[in-house]
Amino acid sequence: MAPPVLQNGGFILGLIGAAALIASTAMNKWSVKDRQGDVVTSVYTYKGLWQDCETASSGFTECRPLYGLLGFSGTFQAVRALMIVGVVLSVIGAFISVFSLTCLTMNTMSESSKAKMSLTAGIMFLIAGVCGIAGASIYANQIVATFRETSYNNYEGGMMGMQGGMGMPGMGGGIPRYTFGPALFIAWIGGSVLIIGGILKTLAFREMVKDEKMHYPGVAYKPQANARSDTSDHHSVGAKKEHNYV
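Residues numbered from 1 in each chain as written. Predicted model: local features only at pLDDT ≥ 70, side-chain atom pairs only at ≥ 80, totals over all residues. Heavy atoms only, no water.

Peer 1: Requested: an account of helix H1 (residues 3-26), with residues and values cited.
Peer 2: In this model H1 runs 34 Å from its N-terminal to its C-terminal C-alpha over 24 residues, within 8% of the 34 Å that 1.5 Å per residue would give. For H1, every residue scored as buried is listed here: Pro3, Leu6, Gln7, Gly10, Phe11, Gly14, Gly17, Ala18, Ala20, Leu21, Ser24 and Thr25. (Helix = DSSP H or I, 4+ residues; strand = E, 2+ residues; numbered from the N terminus. Expected span 1.5 Å × (residues − 1). Buried < 20%, exposed > 50% of the residue type's maximum accessible area, 1.4 Å probe, protein only.)

Peer 1: How would you sum up the nonpolar core? Please name residues and give values.
Peer 2: The tendency in soluble globular proteins is for nonpolar side chains to be buried as a group. Ranked by size, the top nonpolar core spans 20 residues in total, and within it Trp30, Leu49, Val79, Met83, Tyr139 and Leu184 carry the most contacts. Residue assignment for this core shows that the elements contributing at least two residues are helix H2 (74-99), helix H3 (111-163) and helix H4 (182-214). Those residues in contact with Val79 that lie beyond four places of it in its chain are Trp30, Leu49, Gly135, Ile138 and Tyr139. (Core = buried A, V, L, I, M, F, W, Y, C linked by side-chain atoms within 4.5 Å. Contact = heavy atoms within 4.5 Å.)

Peer 1: Could you give an account of the pairing of strand E4 (residues 61-65), naming the residues involved and the relevant values?
Peer 2: Every regular strand shows the same layout, with side chains that alternate between the two sheet faces. In this structure, strand E3 (residues 51-56) lies alongside E4, joined through 5 bridges in antiparallel fashion. Looking at the pairing, Asp52 lines up with Arg64 of E4. Between E3 and E4, which follow one another and run antiparallel, lie 4 residues, and Gly59 among them has a positive phi close to 100°. (Pairing = 2+ DSSP bridges.)

Peer 1: Give me the lowdown on the sheet that holds E3, citing residues and values where you can.
Peer 2: If you trace the 5 strands from one edge of the open sheet to the other, you get E4-E3-E2-E1-E5, paired in antiparallel fashion. Looking along the sheet, the strands with just one partner apiece sit at the ends: E4 and strand E5 (178-180). With strand direction ignored, the average angle separating the axes of adjacent strands in the sheet is 25°. Sheet topology note: the strand E1 (residues 31-33)/strand E2 (residues 43-47) ladder contains 2 bridges and is antiparallel. Bridge pairing in E2 links Ser31 to Lys47. (Axes fitted to C-alpha atoms, helices over the stretch in contact; angles between N-to-C directions.)

Remember, this is a structural readout, not a statement about activity or role.
Listed below in structure tokens is the structure:
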């Protein structure tokens with residue numbers, strides 16, 4: 001495949017992936033309240049990396065910022081760090097990718113420099129995509145573990161209530177359960193798109209280096225036969241003059 005196609009494709013996918021990571025990191029719906037099998041309530045809660053929000057049936061939304069570093073688990077802080085690193089690397093990679101495009105001509109930049117910049121942008125896209133996918137996966141793993149624990153506790157509480165004549169198992173007011181929010185899926189998609197864009201940029205680097213080697217201006221050495229003949233003629237003329245002089 002031609003290097004311009006790989007370059008443009010990787011650049012476009014990198015921009016899309018970077019925008020997706022930024023959007024998912026800023027969203028508040030990383031985990032949303034599970035409404036399945038729950039009593040209809042007037043409050044809908046959802047959580048993000050930076051805020052916990054509640055939306056009432058009237059449409060009023062109230063969010064509580066998650067300030068501080070010591071009040072949260074190490075896993076939660078790791079997710080934050082991975083998403084921030086992914087966003088920063090994807091933005092820097094997209095910025096570098098602009099100057100590495102073959103369609104953008106610069107008098108002071110050679111093709112080898114553009115190839116190296118394309119490789120750098122591709123590596124940044126790959127690392128950013130891995131960080132985004134890893135951060136979303138770690139958060140999703142915590143949601144799954146909490147969901148199972150909450151479901152078990154609610155079931156045990158429902159069984160005890162049933163034995164006491166309070167209701168049916170698994171029903172009634174218990175601990176709220178949370179499931180995957182849309183921000184997780186956006187982060188997974190954005191990370192995957194970044195990885196594909198990084199692969200395209202690295203392939204473009206290989207093709208650009210290959211084309212540069214094929215078009216390398218080689219110089220063929222040719223012996224100077226005329227200079228040798230002129231020198232021999234000069235010596236022969238001098239010998240004739242000396243012979244005539246004698």
